[in-house]
Amino acid sequence: MAVRGVTTPLDLSREVINKDKSDSYMAMFDKKSTDHDSRREIYDTIAKYYYDLVTDFFEFGWGESFHFAPRFAGETFEQSITRHECQLANRLGLKPGMKCLDVGCGVGGPARTIARFSGAHIVGLNLNDYQIKRGQKLGEHYQLSNLVTYQKGDFMKMPFPDNSFDAVYECEATCHAPDKAAVYAEIFRVLKPGGLFGQYEWIMTDKYDPNNAVHKEIKYGIEIGDGLPDICGPKTVLDALTTVGFQTIEYADLATTSQVGWWTPLEANMSIQGFLKTGIGRFLTRQAVKTLEWAHVAPAGSYTVQCFLETAAKNLVLGGKTGIFSPMFYTLARKPAASS
């Protein structure tokens, strides 16, 4: 695969995409056999399979930063992503000489942007071998290997000593955690006293009604399409931060500040890429991937991945438009300084 990643379905990696894996992933979301509690028990397997299957698709269709961003009128998608990352670095006060942890770093897109912007050393924590491999290759390409490094590990049991980092952040990664308090407790442990933790967390907003069948279907569609054990509300996030000892400095649902809907990149518009997001465009894409898989050009399992990513896109758009879901609940919290 080229350094810059997937440019056509021909570049999809057989190293990580296969039919057994895609079938196993879908079985984890069988409504009849898998509820939220059982998904929480296998959160790590879900996340590993999910990112093995989707990483190439994400690089092809989204870029190197696997997250959303609030967007101003006249601002491009790429500009909004970069600003969102730099804003987090700014709130954390990152600067040269600091060591910062990126929890669930993906292929390192945010880490590279934040390292360039701040000069801080970013350590990316990731459970997925393939994403670490991609991140290292991209880091070499951009000549950032000295500022961005990677550590394999589970964010529920981090492989770092206590008080290891000057700051910690996560960009839409701990949505995969089975227990918010437990993952925040690990972040608290590895953060130095007085250090800051900033994040963009996925939530079901206060508009979500668990007794509304349409709302429940949207939530389930986001979960299956994005490899999530469950999605909590903002109160759960804030309570979990307090429970483990953080002092919350500020918080906001940044989706409410976006002048252009954060879901817009997933929605059809008047362009070739927009056409591909319409019903007929998605149908033609599915058929193309299915044909390439049948012809052994694309890896077996690619069609299944294409289908559940479409499920994700459809329900993320619905969640955004109805206001019941946000991928950017921002919090900034401090670990209290050590007692004198």
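Residues numbered from 1 in each chain as written. Predicted model: local features only at pLDDT ≥ 70, side-chain atom pairs only at ≥ 80, totals over all residues. Heavy atoms only, no water.

J.: Would you explain the overall build of the protein in this entry?
T.: The helix and strand inventory of the protein stands at twelve helices and seven strands. By the burial criterion, 54% of the 340 residues in the protein qualify as buried. A separation of at least 24 residues holds for 78% of the contacts in the protein among residues at least 6 apart in sequence. (Helix = DSSP H or I, 4+ residues; strand = E, 2+ residues; numbered from the N terminus. Buried < 20%, exposed > 50% of the residue type's maximum accessible area, 1.4 Å probe, protein only. Contact = heavy atoms within 4.5 Å.)

J.: Help me out: how do you make sense of the nonpolar core in this one?
T.: One broad trend across soluble globular proteins is that nonpolar side chains are buried collectively. The biggest cluster of nonpolar side chains holds 47 residues, and the ones touching the most others in it are Leu94, Ile122, Tyr169, Leu316 and Phe325. Mapped onto this core, the elements with two or more residues apiece are helix H4 (77-92), helix H5 (109-118), strand E3 (148-152), strand E4 (165-171), strand E5 (191-204), helix H8 (213-226), helix H12 (302-322) and strand E7 (325-334). The dominant element in this core, judged by the number of residues it contributes, is H4, at five residues. When sequence neighbours within four positions are dropped, the list of residues in contact with Tyr169 reads Leu88, Leu92, Cys100, Leu101, Asp102, Val103, Pro110, Ala111, Ile114, Ile122, Phe197 and Gly198. Residues Phe165, Ala177, Ile187 and Val237 belong to the second largest nonpolar core, which totals 29 residues. (Core = buried A, V, L, I, M, F, W, Y, C linked by side-chain atoms within 4.5 Å.)

J.: Just to check I follow, could you spell out the pattern of salt bridges for this structure?
T.: Following the criterion strictly, the structure yields 20 salt bridges and no others. Among the ionic pairs, Asp230 bridges to Arg40, the shortest N-O distance being 2.6 Å. In this pair, Asp230 is assigned in the loop between H8 and helix H9 (234-243) and Arg40 in helix H2 (residues 36-41), connecting sequence segments 190 residues apart. By relative accessible area, Asp230 is classed as partly exposed at 21%. We classify Arg40 as partly exposed; its relative accessible area is 25%. Lys235 is paired through a salt bridge with Asp239; the nearest N and O atoms lie 2.6 Å apart. In this pair, Lys235 and Asp239 both sit in helix H9, four residues apart, roughly one turn of the helix. Judged by relative accessible area, Lys235 falls into the exposed class, the value being 59%. (Salt bridge = Lys/Arg side-chain N within 4 Å of Asp/Glu carboxyl O.)

J.: Would you explain the pairing of E3 in this entry?
T.: Looking along a regular strand, one sees side chains alternate from face to face of the sheet. By the bridge criterion, five bridges tie strand E2 (residues 121-126) to E3 in an arrangement that is parallel. Directly across from Leu125, in E3, lies its bridge partner Gln151. Handedness of the crossover joining E2 and E3 through helix H6 (residues 129-141) is recorded here as right-handed. (Pairing = 2+ DSSP bridges. Right-handed = clockwise from strand over helix to strand, strands pointing away.)

J.: Would you mind showing me how to read the confidence of the model for the protein here?
T.: Detailed reading of the predicted coordinates is not advisable wherever pLDDT is low. Averaged over all residues, the pLDDT of the protein is 87; the fraction at 70 or higher stands at 84%. Below a pLDDT of 50 lies the segment residues 1-10, which in the model reaches 30 contacts outside its immediate sequence neighbourhood of four places, other chains included. For residues 269-281, every residue scores under 50 in pLDDT, and the model assigns this stretch 15 contacts once sequence neighbours within four places are set aside. (pLDDT = per-residue confidence, 0-100.)

J.: Whenever I open this one, the environment of Ala313 confuses me. Can you help?
T.: Along the polypeptide, Ala313 turns up in helix H12. Residue Ala313 is classed as buried on the basis of its relative accessible area of 8%. Expressed as a C-alpha distance, the spacing of Ala313 and Ile222, which sit 91 residues apart in the sequence, is 7.9 Å.

J.: I'm lost on the pairing of E5 in this one. Help?
T.: In terms of burial, E5 is largely enclosed, as eleven of its 14 residues are buried. Bridge count for E4 against E5 is six bridges, and the pairing is parallel. When the sheet's bridge partners are listed, Val168 is paired in E5 with Phe197. With respect to chirality, the unit in which E4 leads through helix H7 (residues 180-190) into the neighbouring parallel E5 is right-handed.

J.: When you look at the environment of Val317 in this model, what are you seeing that I'm missing?
T.: Here Val317 shows up in helix H12. Residue class for Val317 comes out buried when judged on its relative accessible area of 10%. Taking the C-alpha atoms as reference points, Val317 and Leu266, 51 residues apart in sequence, are found 6.9 Å from one another. Setting aside anything within four residues of it in sequence, one finds Val317 in contact with Trp263, Leu266 and Glu267.

J.: Would you explain the layout of surface pockets in this entry?
T.: Sizing a probe to match a water molecule and rolling it over the atoms shows the empty space that remains. Here the second largest pocket defines a volume of roughly 200 Å³. In terms of lining residues, the second largest pocket is bounded by 15 residues, among which Lys207, Asp253, Ala255, Thr256 and Gly323 are the most central. Counting only elements with at least two residues in the lining of the second largest pocket, the list comes to H12 and E7. When grouped by side-chain class, the residues that make up the lining of the second largest pocket number four nonpolar, eight polar and three charged. (1 Å grid on protein atoms, 1.4 Å probe; cavity = no way out; pocket = protein on both sides within 12 Å on 5 of 7 lines; lining within 4 Å. Points joined across faces, edges and corners; volume = space filled by probe spheres on them. Nonpolar A, V, L, I, M, F, W, Y, C, P; charged D, E, K, R; others polar.)

J.: I keep staring at the sheet that holds E4 and nothing clicks. Help me out?
T.: By way of backbone hydrogen bonds, the strands of a sheet pair with one another, either parallel or antiparallel. Taken in spatial order, the seven strands line up as E3-E2-E1-E4-E5-E7-E6 in an open sheet, and their pairing is mixed. For this open sheet the edge positions go to E3 and strand E6 (247-253), each flanked by a neighbour on one side alone. The average angle at which neighbouring strand axes cross in this sheet is 20°, direction not considered. Bridge count between E6 and E7: six bridges; the pairing is antiparallel. The residue of E7 that forms the bridge with Tyr251 is Thr331. Running at roughly 165° to E5, H9 makes contact with E5, E6 and E7 of the sheet. (Axes fitted to C-alpha atoms, helices over the stretch in contact; angles between N-to-C directions.)

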